[in-house]
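# Survey of secondary and tertiary structure
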Amino acid sequence: MAKVLVVTSGKGGVGKTTSTAAMGAALAQAGQKVVVVDFDVGLRNLDLVLGAERRVVFDLINVVQGIAKLPQALIRDKRLENLWLLPASQTKDKDALTDEGVGRIIDELRGSCDWILCDSPAGIERGAMLAMRYADEAIIVTNPEVSSVRDSDRIIGMLDSKTVRAEKGERVEKHVLIARYDAARAARGEMLTIDDILEILATPLLGIIPESQDVLRASNVGSPVTLNSPSSVAARAYADATKRLLGETVPMLVPTERKGLMNLLRGRRAA
Amino acid sequence: MGESIIMEPSVEPTRQLIRLRGRSYVAFVFAPVVPIVGWLEEVDATLARSPNFFVGKPVVLDLSAVDLSPSAITHLVKSIEQRNIRVLGVEGVDAEHLDSSLPPLLTGGRACTLQPPRPEKRDTKPPQMTSLLLDSPVRSGQSIIFTDGDVTVLGSVSSGAEIVAGGSIHVYGTLRGRAMAGVNGNPNARIYCQKIEAELIAIDGYYQTAEELDANLRSKPAQARLDGKIMRITPLN
């Protein structure tokens, strides 16, 4: 039975799509069968970041509407045979996405893979609500600045009230992923510290991904950063986060200014 | 022998016999006097003392002391009914003055003794105070409203969240959002927290925003109480 994991944030532009692609690829490399689903109807990006934009025939809305079957819409990654993409529609309206339609698709996918990663759109409206609706676990991507943290807090509140699990009285397992962490600015006190963020969000930390040019380069060539430059700091941070997601204990490394030199500043066990 | 044709005598449907019976009832009689406006004010005063007394009780209007035109009678009956008093009948006028939309004309009423309405005792029992316990943080956007008593939070209250309580508010964590205590007119309610970074604090409607919070108190354990109209926020140690 697959685990449904939603990658959400509230705030836009924090790194949800990048993280979905990077961790989806890392999970597939670890031998898991992964389907990544783009829920951002009208502003789809996951297909670009995965380099599949020229192979999109059918999309999520087509499947909801019954125009296409799920196998027709799924796009297999050319580099990783365990990674599949269900793209969003770029032309249709968000209203075409329905609760039962999404539920049907998730149920159908559950039988045939290990992980269903739902890339949520920004905001707290219908698209974001539907992306989290059937989730078993959630990764809340946060940037270390005040507006992002407050929006993430809002989303955490919604994960505890608007999901099917919450309605049944069960818990959605939540993890915080701090992305675009800039060590230099943190040192100057211009960004929120890790401790501040965790104190406000009161949710276990999955990983810290540094601000990195490698991420930009990777999305420009249509490849997840974990595939494109696996030895980069960002890619290794994503790989560590993926290991933690799979239950391994990996010491938390706080990225520092000096490139290539990783200081073991604290051994923080992900709870 | 020919077939005998049996004919049933036509059966008349049995008729329900309507039995007319007589019964007498006791009704309150309202006897308006001029000026009608003044008399209606007296009625209102009686109603104010005992608001529920006339509800459901039959009332008869005795118009013998006043000389009202048919339209004036209609207006008077409407005024009484607006006060939630149902008029059962009218007496002391000529039949021609009453049209079919008005209560019927009554005759042959006999005086009898009645209990005057006693002012009702107000329910002075204080409401039951209970308390609400939340054992997880209150997230941004969440609004906890509990007018029946105290609210205790085992965790922080995020920025953009709010707690509205009839009693006091206790936050075992950081209060970053809005806390409004004593909302049902309870000026003795207090707000306690382990770290005060609130956006807004209010007790019994008197509020103070984060701007007005003393810089020395920020991020420290604090309690807020109302002193007359002034919010006193003091360190809690």
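Rules used in this analysis
- Residues numbered from 1 in each chain as written.
- Chains lettered and ligands numbered in written order.
- Predicted model: local features only at pLDDT ≥ 70, side-chain atom pairs only at ≥ 80, totals over all residues.
- Heavy atoms only, no water.
- Phe/Tyr/Trp six-rings, centres within 6.5 Å; stacked < 30°, edge-to-face > 60°.
- Buried < 20%, exposed > 50% of the residue type's maximum accessible area, 1.4 Å probe, protein only.
- Helix = DSSP H or I, 4+ residues; strand = E, 2+ residues; numbered from the N terminus.
- Expected span 1.5 Å × (residues − 1).
- Lys, Arg positive; Asp, Glu negative; His and termini not counted.
- Salt bridge = Lys/Arg side-chain N within 4 Å of Asp/Glu carboxyl O.
- Polar contact = N/O pair within 3.5 Å; in protein donor to acceptor, adjacent residues only side chain to side chain.
- Contact = heavy atoms within 4.5 Å.

A word on the packing of aromatic side chains. Residues and elements named next belong to chain B. Summed over all chains, the structure comprises one aromatic pair over all chains. Ring plane angle 80° and centroid distance 5.9 Å describe the contact between F30 and W39, whose orientation is recorded as edge-to-face. For F30, a relative accessible area of 10% corresponds to the buried category.

Residue and element names in this part refer to chain B. Omega for the bond connecting V34 with P35 falls within 30 degrees of zero, at -5°, which places this linkage in the cis form. Of note, N84 is a non-glycine position whose phi angle comes to about 70°, a positive value. Positive phi, normally seen in glycine, also occurs at D204, with a value near 50°. Checked against the element boundaries, D204 lands in the loop between β11 (200–203) and β12 (206–209). Its relative accessible area of 24% is what places D204 among the partly exposed residues.

With that settled, consider helix α13 (residues 233–245) of chain A. Residue and element names in this part refer to chain A. In this model α13 runs 18 Å from its N-terminal to its C-terminal C-alpha over 13 residues, within 8% of the 18 Å that 1.5 Å per residue would give. A234, A235, A237, Y238, D240, A241, T242, R244 and L245 are the residues of α13 that are buried. Trailing α13 by a residue or two, G247 shows a phi angle of about 105°, which is positive.

Quick look at the side chain of D38 of chain A now. All names here are of chain A. Inspection of the secondary structure assignment puts D38 in strand β2 (residues 34–38). Nearest to the buried, unbridged D38 among oppositely charged side chains is R44, at 6.2 Å. Within the structure, D38 has its side chain in polar contact with the backbone nitrogen of D40 (distance 3.0 Å). A distance of 3.3 Å separates a polar atom in the side chain of D38 from the backbone nitrogen of N45. D38 has contacts with R44, N45, L46, D47, L60, L86, P87, A88 and D119, leaving out every residue within four places of it along the chain.

Everything listed here is a matter of coordinates, which is why it stays silent on function.
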